[in-house]
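Here is how the chains run, residue by residue.
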Amino acid sequence: MIFAGLTATQLFAIFGVAAAAMIALYILKLRRRTFAVPFAPLWMRILKDKDATSLFSKLKRLLSLLVQLAILALLVLALGDPRARAALIKGRTLVVLVDASASMQATDDPGKSLTRDVQPTRADKAKDEVKTLIRGLGGADRMLIAQMDATTTPLGPMSGDTAELERELAELRPTDTRADFARALRFATDTLRGVENPEIVVVSDGGLAPAVDSSGPVHVGDIKVSYVAVGEGKRNVGVTQFSVRRYPLDKSRYEVMLEVTNTGPETEDIELSLLGDGQVVDLTKLRLKPGERLPRFYPNLSGASRTLEAKLRPLGASIDVLPADDHAFALLPERRRAKILVVTAGNTYLEAALLLDEYLDVELVSPKQYLATYAAKAKAYDVLLFDAITPAEMPRANAIYIDPRGPGSPVKVEGEIVQPGFDKIDRKHPIVRFTALDDVNIARGHKLKPELSDRIVGASSEGPILVTGTRGGYKFVAIGFDPRDSDLPLRIAWPLLLLNSINFFTEEDSSYLSSFRTGDVWRVPVATDVRDAALTGPYGIADLVPVHEGRAVYQGSRAGFYDLKSKRGDEEVKASFAANLLDVDESTVSVRPELMVDGKPAGKVQGFQVGVRREVWIYLLIAVLLIAVIEWATYHRRVTV
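Per chain, residues are indexed from 1 in the order of the written sequence. Confidence filtering applies because this is a predicted model: local features only for residues at pLDDT of at least 70, side-chain atom pairs given and counted only at 80 or more, and all residues used for totals across whole chains, interfaces and linings. By convention in this description, side-chain values take in all heavy atoms of the structure and omit both hydrogens and water.

Enquirer: Looking at this structure, how should I read the overall build of the chain?
Expert: Starting at the N terminus, helices and strands are each numbered in turn, a helix being any DSSP run of H or I of at least four residues and a strand any DSSP run of E of at least two. If you tally the helices and strands in the chain, you get 12 helices and 35 strands. Residue burial in the chain is summarised as follows: out of 641 residues, 47% are buried. Within the chain, residue pairs in contact and separated by at least 24 positions form 71% of the contacts whose partners lie at least 6 positions apart. Using the Shrake-Rupley algorithm and a 1.4 Å probe, accessible areas are obtained, with residue cover drawn only from the displayed protein chains. Surface exposure of the chain reaches about 33,300 Å², of which carbon and sulfur atoms provide 55%. Working definition: with a 1.4 Å probe on protein chains only, accessible area under 20% of the residue-type maximum means buried, over 50% means exposed, and in between means partly exposed. Two residues qualify as a contact provided that any one of their heavy atoms is within 4.5 Å of a heavy atom in the partner residue.

Enquirer: I tried to follow the pattern of salt bridges on my own but got confused; where do I start?
Expert: Between side chains of opposite charge, a pair can form when the charged atoms approach closely. For this analysis, a salt bridge means a side-chain nitrogen from Lys or Arg found within 4 Å of a carboxyl oxygen belonging to Asp or Glu. Tallied over the entire structure, the rule returns 26 salt bridges. Residue glutamate 255 is joined to arginine 245 by a salt bridge in which the shortest nitrogen-to-oxygen separation is 3.0 Å. Pair noted here: glutamate 255 is in strand β11 (residues 250-262) and arginine 245 is in strand β10 (residues 237-247), with a separation of 10 residues, a long-range link. Its relative accessible area of 13% is what places glutamate 255 among the buried residues. Connected via shared salt-bridge partners are Arg178, Asp583 and Asp585.

Enquirer: I tried to follow the sheet that holds strand β31 (residues 551-555) on my own but got confused; where do I start?
Expert: Two modes of strand pairing occur in sheets, parallel and antiparallel, and in both the strands are linked by backbone hydrogen bonds. Between any two strands, pairing holds if DSSP finds at least two bridges. Strand order in this open sheet of 7 strands is β27-β33-β32-β29-β30-β31-β28, and the pairing throughout is mixed. Because the sheet does not close on itself, it has two edges, and the strands there are β27 (516-517) and β28 (521-525). Pairing geometry for strand β30 (residues 542-548) and β31, over 2 bridges, is antiparallel. Paired with histidine 548 across the two strands is arginine 551, which belongs to β31.

Enquirer: Which parts of the structure should I look at to understand the packing of aromatic side chains?
Expert: Ring geometry is summarised as follows: Phe, Tyr and Trp rings, the Trp one being its six-membered ring, pair when their centres sit within 6.5 Å, and such pairs are stacked at plane angles under 30 degrees, edge-to-face over 60 and tilted between the two. Going through the model one piece at a time under the given rule, you end up with 11 aromatic pairs. Plain terms: the ring middles of phenylalanine 504 and phenylalanine 505 are 5.7 Å apart, the flat faces sit at 45 degrees to each other, and that makes the pair tilted. Grouped by ring-pair contacts, the aromatic residues Phe516, Trp522, Tyr554, Tyr562 and Phe577 constitute a single cluster. Working rule: Lys NZ or Arg CZ, within 6 Å of ring centre, within 35 degrees of ring normal, means a charge sits over the ring. The ring of tyrosine 381 is capped by lysine 339, whose NZ or CZ atom sits 5.2 Å from the centre of that ring. The lysine or arginine in question, lysine 475, covers the ring of phenylalanine 504, its NZ or CZ lying 4.7 Å from the ring centre.

Enquirer: What is the right way to read a nonpolar patch on the surface from this model?
Expert: A patch consists of residues exposed above 30% relative accessible area that lack any salt bridge, with like charges linked at up to 9 Å and nonpolar side chains (Val, Leu, Ile, Met, Phe, Trp, Tyr) linked at up to 5 Å. Together, Leu75, Trp617 and Leu621 make up an exposed nonpolar region whose accessible area comes to about 240 Å². Structurally, tryptophan 617 can be placed in helix α12 (residues 616-636).

Enquirer: Help me out: how do you make sense of the sheet that holds strand β9 (residues 224-229) in this one?
Expert: Taken in spatial order, the 5 strands of this open sheet run β5-β4-β3-β6-β9, and their pairing is mixed. Every other strand in the sheet has two partners, leaving β5 (152-154) and β9 as the edge strands with one partner each. The mean inter-strand angle of the sheet, taken between neighbouring strand axes irrespective of direction, is 25 degrees. The pairing of strand β3 (residues 93-99) with strand β6 (residues 198-204) spans 6 bridges and is parallel. Within β6, the position partnered with valine 95 by the bridge is isoleucine 200. To get an axis, fit a line to the C-alpha atoms, keeping to the stretch in contact for a helix; angles then go from 0 to 180 degrees between the N-to-C directions.

Enquirer: Which parts of the structure should I look at to understand the nonpolar core?
Expert: General note: in soluble globular proteins, nonpolar side chains tend to be found buried as a group. If you look at the biggest cluster of nonpolar residues, it comprises 34 residues, and the most contacted ones within it are Leu350, Phe422, Leu437, Leu466, Val477 and Leu488. Counting residues per element, the ones that place at least two in this core are β17 (338-343), α8 (348-354), β19 (383-387), β20 (399-402), β25 (463-471), β26 (474-479) and α10 (493-506). With 8 residues, the single largest contributor to this core is α10. To define a nonpolar core, start from buried Ala, Val, Leu, Ile, Met, Phe, Trp, Tyr and Cys residues and group those joined through side-chain atoms within 4.5 Å. Formed by 24 residues, the second largest nonpolar core is a distinct cluster that contains Met148, Phe181, Val202 and Val597.

Enquirer: Sorry, what's going on with the packing of helix α5 (residues 122-135) against helix α6 (residues 162-169) here?
Expert: For any two helices packed against each other, one specifies the crossing angle of their axes together with the interaxial distance. At a closest axis distance of 10 Å, the pairing of α5 and α6 adopts a crossing angle of 170 degrees. With respect to α6, the axis of α5 lies roughly antiparallel. On α6, the residues that touch Lys127, Val130, Lys131, Ile134 and Arg135 of α5 are Thr162, Leu165, Glu166 and Leu169. Classification used: nonpolar for Ala, Val, Leu, Ile, Met, Phe, Trp, Tyr, Cys and Pro, charged for Asp, Glu, Lys and Arg, polar for all others including Gly. Each residue belonging to the contact of α5 with α6 can be placed in one class, and the counts come to 4 nonpolar, 1 polar and 4 charged. With respect to orientation, any angle under 35 degrees is reported as roughly parallel, any angle over 145 as roughly antiparallel, any angle of 65 to 115 as roughly perpendicular, and every other angle as oblique.

Enquirer: I tried to follow α6 on my own but got confused; where do I start?
Expert: An α-helical turn contains 3.6 residues, so any two residues separated by three or four positions project in the same direction. The set of residues buried in α6 consists of Leu165, Glu168 and Leu169. Along the long axis of α6, the arc covered by the buried residues comes to 100 degrees, so they all point the same way. The opening residue of α6 is aspartate 161, an N-cap whose side-chain oxygen sits 3.1 Å from the backbone nitrogen of alanine 163. For this quantity, the arc is that covered by the directions from the helix axis to the C-beta atoms. Any pair of nitrogen or oxygen atoms within 3.5 Å is treated as a polar contact; in protein, a donor-acceptor pairing is required on top of that, and neighbouring residues in sequence qualify only through side-chain atoms on both sides.

Okay, structure coming up:
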C-alpha cells in the first residue's frame, strides 16, 4: 500500500497534532467545576454511589475518546489517498473512438422506441456501451472520448471523472458522413504515445474502411486495441448516386441520373419518387435483388426550376433500417437572363451564335458608342464581349476578348503566329465542354503571355492562344485569334465556346455540380473580394465560413440544401447548393463481428467492472460516516457518556 496523496510523514504529523488537540479538549471536558453547597452531608450518599460506578464511567469515557480518535485516523488516511501499489501501476490510459458515421443512424429495432416517435439508433446503443465502460473505470484509469466520422473530434480532455465523461458523451451526434478510420487511429496513437498501459477502444458497427491513408497503413505498435460491436440489422436500400444538369442549349429542360442499391441479403420492394420544386415529377415501384445496384436515367425532363429530390420508401414487408440514405438532394443552376454587351464593328458569325440561347439579352454597340456611353456603365452587364477591339482601360466587368491587342489587353500579346492550332487543350475547363477544337484550322493569330495566376485552356506549339484568368476581381477569357481567320465559325464548337464562356461567368464551373458529398471539404465559388460568408444548413443554423481565393471553404456533415450569403460592397450575393451522402459502404449496414487493425483482429473489451472503484479513500469516508452514526446513537442512548 502506498499513498497517492499526502506522504506518510505528512499524515503522521497531521494526525499527531490533531490527536493531541482532541485529547486536550477531552481532558478539559472531564474537569469538574467547584460548586459550594450549604450542607455537605446531604451529598455524601450520592457521592458514595458515584464512587461505586466510577470505573465503569471511566471506561465509557475512554471508549468515546477512542471512537473520536478512530474517526480522526480515517479522515487523515483519506487525505493520503491510499492505494495498492499494483493498482497504481496497472492504471490504463484509454482513447475511446465512437463511430458517428451515417450507418450509426440505423434503427435496428423498429418495435422499440426511446419515446413515442423516436426509435433507438446504433448511436444510442454505442452511447450505452461507452457508459458501461465509463462506470467500470478503475481509480487510476483515464479516458478520452472522441467522435469518429469524416474528422476525429475529441469530446473533452483525458479524464478519470466519470460524471464529466458522461456529460461529454451526451454531446455525441451521428453525421451524414463516412468514418475516416485511418485518421481516427492516427489521432489515438498520437494521443497515447509515451504513456503506460495505453488502450484504444473502437465502438462501431464495423463498417469501417481499412486503416490506410496517403502515408500508408496505420501502425498501432504495442497499443492494445479492443472492439465493441453494436447493431443487428442487415436490410437496407439507399440512393448511392444522384446527379442533375440542365441542357446547355435549352435551360428549361434537364436530365437526371441516379442509382439505387440494395445492400441487404433479401429482395426488397421500394417506391422511388422524384420531386421537382417539391412536386412529384416521377413515381416508380422497383424490386431489387440482394446486392443489386440499379441505375436510372431520366432524360429531357422539365417542370422544375431549382430543386430536385429523390426519395425511397419500403413497400409491403420490405425493411429499410437506415433513413439517412433514403433522401437525396440536387440543385439546378438558376435560370436567369444574362445581359451581354457586344462591342463590334459588325460580325454576323458572332451575332448568329449568340441567338442560340434564349436566356441571353444581347445588346450590340459600336466601339464609338462604347467609349461615349457604355464604358461608364459596364458594371451593369453580366458579360462584355469585345470583337477584335480592345479598350484602353479594362472594364470593371467580366469580359471576353476576341483577338485582343494593345495595353488594354488583360494579357500581354506577343508576335503573330502563322497557322496556329490547338495542340494542347485543358479539357477539364468548362469553356471547352462538349467542344472539339483539335482540328480547327487557323490562318493566323497572336501568342498570348498569361500571368502566373492565369489558366491556359488552349495552346499551339508556339504558345497559348486561349487563356482565362481574373483581373481586379473580374474574370476574362482571351481568344488569341479572329475566328473569321479560321474555319471555327463553320463548326458547332464556335457557339458552344461562346456560350460556355458566358456560362463560366454567370453560373461558374460548379453550376453543373448538382451536389457536394458530405464529409468532403467544399469549395463554393463566391466573389474574389469577399473575406467570409454566412452558410445556412438544412437545420437552419448559420455558420460563418472563411473565403480563400474566391471559394468559401467548409467541411459539411449534413445532407440537404444550403444557402451561402456574402457581401460584395453594399450588394448581398446569395448562392445555393446541395449535399448528399451517396456512399455504398455507409449504406451497407450489416454488422462486422470482427475488426482488423494493423493486420490483426481487435480484441474484446476487458477489465471494466461496473460499480467497483479502486479509490480506497471513498471507502474510508464511508467508514467515517458509519462510525459517526454509531457514535451519535450510542451517545443519545447514554452508552458512551
